[in-house]
Amino acid sequence: MQVHAGFSRFQTSLISRETRGCAQHSGNVTRVLRASGALLPKWTPTTPAHQQCSVLSSSTAWRNAKRSRLAPAAAVQAPSTLEFGTKKDEHAHRFITKQGSTVSAMVVSSANGGAQVFISVQGSKLPQDTASPPNLHWGMYRAVRSQWHHPKDAVPPGSTLDQATKGMRTPLAWQPTSQSWVTTLSVPFKLLPLSLAMVLYFPDTDTYDNPRHGSFMAVPLGMDAGTPSPAGASIVAVSNASSPQQASCTVNFAVFSRHAASISLCIVRVKPGEDPNSALQGSGVLEIALDPVTNKTGDMWHVCVTGLRDIGMMCYGWRADGDTTWETGGRYHPGFILCDPHAVRAVPVLLPESAYANAAKMPPKLDLARPVVLASLSAFVQDFNWKGMHIPLVPGLKHLRGARPLEQAVWVELDIPTFTTGPEAEQVVPLERQGKYLGILDRIQELVNGGVTGVLLGPCCLSGPGMGPYGRSPLSLMAPDPQFAQGGTLAAAAELKRVVQALHAAGIEVMMSVEFCITAEGSDAGRRGGLQGMRGLDAAVYYRTMPSGTAVLAAGHPSVRPMIMDSLRHWALEYQLDGFCFVNAENLVQDRFGTVLDNPPLAEDICHDPVLRGLKLVAAPGDSNLLPRNGVRGFPHWGVWMQLNDQFRNDARAYLIQNQPGLLSALATRIAGSADLFAPVRDDPSMLPGGLAVGRRASFGVNTMAGLGDRMLLEGMLLEADPDKADTVARSLLMLQFCSAGTPMVSASTLSNKAFGAFVAMLARVRQQYASLLTPPLNFRDPAPGEPP
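Nothing here was measured: the structure is a model prediction, and the numbers come from that model.

Engineer: Give a detailed account of the packing of helix H13 (residues 723-738) against helix H15 (residues 757-769), specifying residues and quantitative values.
Structural biologist: In contact at an axis separation of 10 Å, H13 and H15 are set at 20° when each is read in the N-to-C sense. Between H13 and H15, the angle is such that the two are roughly parallel. Pair H13 / H15 crosses with right-handed handedness. Between H13, through Arg-731, Leu-734, Met-735, Gln-737 and Phe-738, and H15, the contact on the second element is made entirely by Phe-759, Val-760, Leu-763, Ala-764 and Arg-767. Considered class by class, the residues forming the contact of H13 with H15 number seven nonpolar, one polar and two charged.

Engineer: With reference to specific residues and values, describe the packing of aromatic side chains.
Structural biologist: On inspection of all chains with the given rule, the structure shows 14 aromatic pairs. Geometrically, the ring pair formed by Trp-148 and Phe-216 is edge-to-face, given 5.6 Å between the ring centres and 80° between the ring planes. With Trp-148 in the loop between strand E6 (135-141) and strand E7 (160-162) and Phe-216 in the loop between strand E12 (207-209) and strand E13 (217-221), this pair connects stretches of sequence that are 68 residues apart. Per residue, the accessibility class of Trp-148 equals that of Phe-216, and both read buried.

Engineer: I'd like a description of the sheet that holds strand E18 (residues 280-289), backed by residues and values.
Structural biologist: Strands sit in the order E17-E18-E22-E23-E21 around a closed barrel of five strands; the barrel is mixed. The sheet shows a mean angle of 50° between the axes of neighbouring strands, taken without regard to direction. Relative to strand E22 (residues 346-350), E18 is paired through two bridges, and the arrangement is parallel. By the bridge assignment, Gln-281 is partnered in E22 with Leu-350.

Engineer: So what's going on with the nonpolar core? Residues and values would help.
Structural biologist: Soluble globular proteins tend to bury their nonpolar side chains together. If you look at the biggest cluster of nonpolar residues, it comprises 131 residues, and the most contacted ones within it are Phe-253, Leu-447, Phe-580, Phe-582, Ile-606 and Trp-641. Residue contributions to this core peak at seven residues, all from H13. In contact with Phe-253, not counting residues within four places along its chain, are Gly-232, Ala-233, Leu-265, Ile-267, Trp-301, His-302, Val-303, Val-305, Leu-308, Tyr-316, Trp-318 and Leu-377. Counting 30 residues, the second largest nonpolar core, distinct from the first, contains Ala-105, Val-121, Trp-181 and Leu-196.

Engineer: I'd like a description of the sheet that holds strand E24 (residues 411-414), backed by residues and values.
Structural biologist: Overall, parallel pairing links the eight strands, which are arranged E24-E25-E28-E31-E32-E33-E34-E35 in a closed barrel. Between one strand axis and the next, the sheet turns through 30° on average, direction left out of account. Direction of pairing for strand E32 (residues 616-620) relative to strand E33 (residues 642-644): parallel, over a ladder of two bridges. If you follow Val-618 over to E33, its bridge partner there is Met-642.

Engineer: Which residues make up the pairing of strand E4 (residues 102-109), and what values do they have?
Structural biologist: Burial analysis of E4 places seven of its eight residues in the buried class, which makes it a mostly covered element. Note: strand E3 (residues 92-96) against E4, five bridges, orientation antiparallel. Each bridged residue has a counterpart across the sheet, and for His-93 the counterpart in E4 is Ala-105. A loop of five residues connects E3 with E4, the two strands running antiparallel in sequence, and Gly-100 in this loop sits at a positive phi of about 90°. Direction of pairing for E4 relative to strand E5 (residues 115-122): antiparallel, over a ladder of eight bridges. From the neighbouring strand, Met-106 faces E5, where its bridge partner is Phe-118.

Engineer: Could you give me a rundown of helix H6 (residues 534-542), with the residues and numbers involved?
Structural biologist: Helical geometry note: an α-helix holds 3.6 residues per turn, so side chains three or four residues apart project in the same direction. For H6, the buried fraction is high: eight of the nine residues fall into the buried class. Restricting attention to buried positions, one finds in H6 the residues Met-534, Arg-535, Gly-536, Leu-537, Asp-538, Ala-539, Val-541 and Tyr-542. The secondary structure elements touched by the buried residues of H6 are strand E16 (248-256), strand E17 (262-271), strand E21 (314-321), strand E29 (543-545), strand E30 (551-553) and helix H7 (561-574).

Engineer: Tell me about the confidence of the model for the protein chain, residues and numbers included.
Structural biologist: Low-confidence regions, as indicated by low pLDDT, have predicted coordinates that should not be scrutinised in detail. Residues with a pLDDT of 70 or more make up 84% of the protein chain, whose mean pLDDT is 84. Note on residues 1-55: pLDDT is under 50 here. Beyond four places in sequence and across chains, it has 176 contacts. Segment residues 57-89 is flagged for pLDDT under 50; beyond a separation of four residues in sequence, or across chains, it makes 70 contacts in the model.

Rules behind the numbers
Residues numbered from 1 in each chain as written. Predicted model: local features only at pLDDT ≥ 70, side-chain atom pairs only at ≥ 80, totals over all residues. Heavy atoms only, no water. Axes fitted to C-alpha atoms, helices over the stretch in contact; angles between N-to-C directions. Helix = DSSP H or I, 4+ residues; strand = E, 2+ residues; numbered from the N terminus. Parallel < 35°, antiparallel > 145°, perpendicular 65-115°, else oblique. Left-handed = near helix turned anticlockwise from the far one by under 90°. Contact = heavy atoms within 4.5 Å. Nonpolar A, V, L, I, M, F, W, Y, C, P; charged D, E, K, R; others polar. Phe/Tyr/Trp six-rings, centres within 6.5 Å; stacked < 30°, edge-to-face > 60°. Buried < 20%, exposed > 50% of the residue type's maximum accessible area, 1.4 Å probe, protein only. Pairing = 2+ DSSP bridges. Core = buried A, V, L, I, M, F, W, Y, C linked by side-chain atoms within 4.5 Å. pLDDT = per-residue confidence, 0-100.

If you want it as structure tokens, here you go:
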């Protein structure tokens, strides 16, 4: 008998040697809830959401986790009669073959932590003659489904290796009590996790009986098939340990890909680099090939891995393969390891050469010195105490989100790298905080002195070079950008939360710019980011190509919309944000083919979502012609959405800077609150969909003079030749902005300017002191029955 010992022992630092009792996800498994952006243990239901901590973080939660753990599984003895279905065991798998036989495989944990597989075959077409029994034709694999191995310790006596197919053939034994053919395979712990691949073989006829679906039957060992929901990584169970680093965790991984032919999960052990802000160093790599039948539900690929230890220093990604000709819309290349679109932490990692050992094709121009972006599991071991500052603390108002009326709001747009660097910032921001999240803390008093009630942060998600107003585009929609972290790549989330907490303590609301249009992955015409995530997993679903050749996120695709909703809820709950500004919002009103919709489902879902509805939702279209009805009525709003009032900026600049005649009437409309955009349509509302016909308060329009991108007030206006005129025009624009109905928003660059900062602060005080006179709560809505018109 010839056997193959093709599996080497995986690093013990990655897979725990503890008992795998927690791998059995039965009804008494420690379940966790995702709240406040973290996976929270079920044993803290009375704790407010903003004060809860992640499952492996604080010492209190850790002690609770220890009390709620599963007891270690006892050694499981092989039953004398295989009676499948008589006991609840989620590691029982059943397959139907093409000839109608039923193949059952029950996986149980052995006393030494290994796995025993009890296989039973029943069927009317099976031979009953014990002299020529059917054979189990099998092999084991981990990273490559086509490379079967036969570890010596797992091969039953009497088995033979077929040299032609490289499959091991084990004769089945007849069991009269159950009227079935049976055998048992035992796999030692050191070989786990892996998958058992098998088909039936009949020696008399030299034929095979394959499953109805798939090329062979796949049974996961040392792991489970997993569940399709939630997407991304989620904790299923935690074993007893003295610290989070020593805990043995069961983690479910799930990712969407409709057109991929194969998907593999790659788990990477990482360690900090030489510099705290440098890329993490990858060491051990565990790659698990997923079976398209066992590990796939609909379009979701999933697997549940047990025995993961010290998950705070683990990252993971996906390897996807499919049509490599790219003719069917996919952009597959098996050489790339891709970031999970649902990653809540994403970091740059320098992969070891072993990460490409199982790739069917090497990446073009492979450079091991160039980091790749991977999802991190560190969110499960991080904790943050909001200390009650999850909501802005405004004196004289109830401690509720949105307690300050919009009519009293003064907003400032600031971009982290701009606001924390430059001549003004260098005077108050320490060198180590310049260009970082924490640099904002050193300038909060300036915002308070300027009368600011709310800040709009530039994009804080992990980004790359891009075309947007901020010079960068998103790469990971749910993960904070580690390049702005002072304490290292894994500290980004905690530092961003500290900034939000400090701003709330100063009574300042925090909103963030988000973009669901152009990403840093680029397009075929000019790939800047290449295959780093969604583009490599399923470009045909995640993206659509515009006539110009630019690839934009297919926000209107039914399979992409849930990801966008998950992203917004995650930022709102974990980072306690008070609102969002949607850059290039016109992409939210188009379907997956680019058709503009009167009632776009995504925009409606956002404003009616129970988590998001109470936040400030500001639409900032880049091209109003791509809005319904050519943007005459603005962004579809249903009375909830706010909007960046481009018409206010255009008319004010045209009148005060370009001296265009005939604009007095238009300017008066802007000063009075832009009734053409925000008043209800009374003449014939049936001609417009409900999202456009209803009215809103004038304060739902955000009046800005500089546009997005934290630009100077007169940037690009060519008034440098006449400084006195430039100063007069700038002050006139600011006064017009603060004395008009609507919500004024100035850039941080303008507020920080010595010539205008004090003037803006004075205008803010005047506006708030005389808010009832300058900006009465104009309500363009239809009066309710019994109300005066």
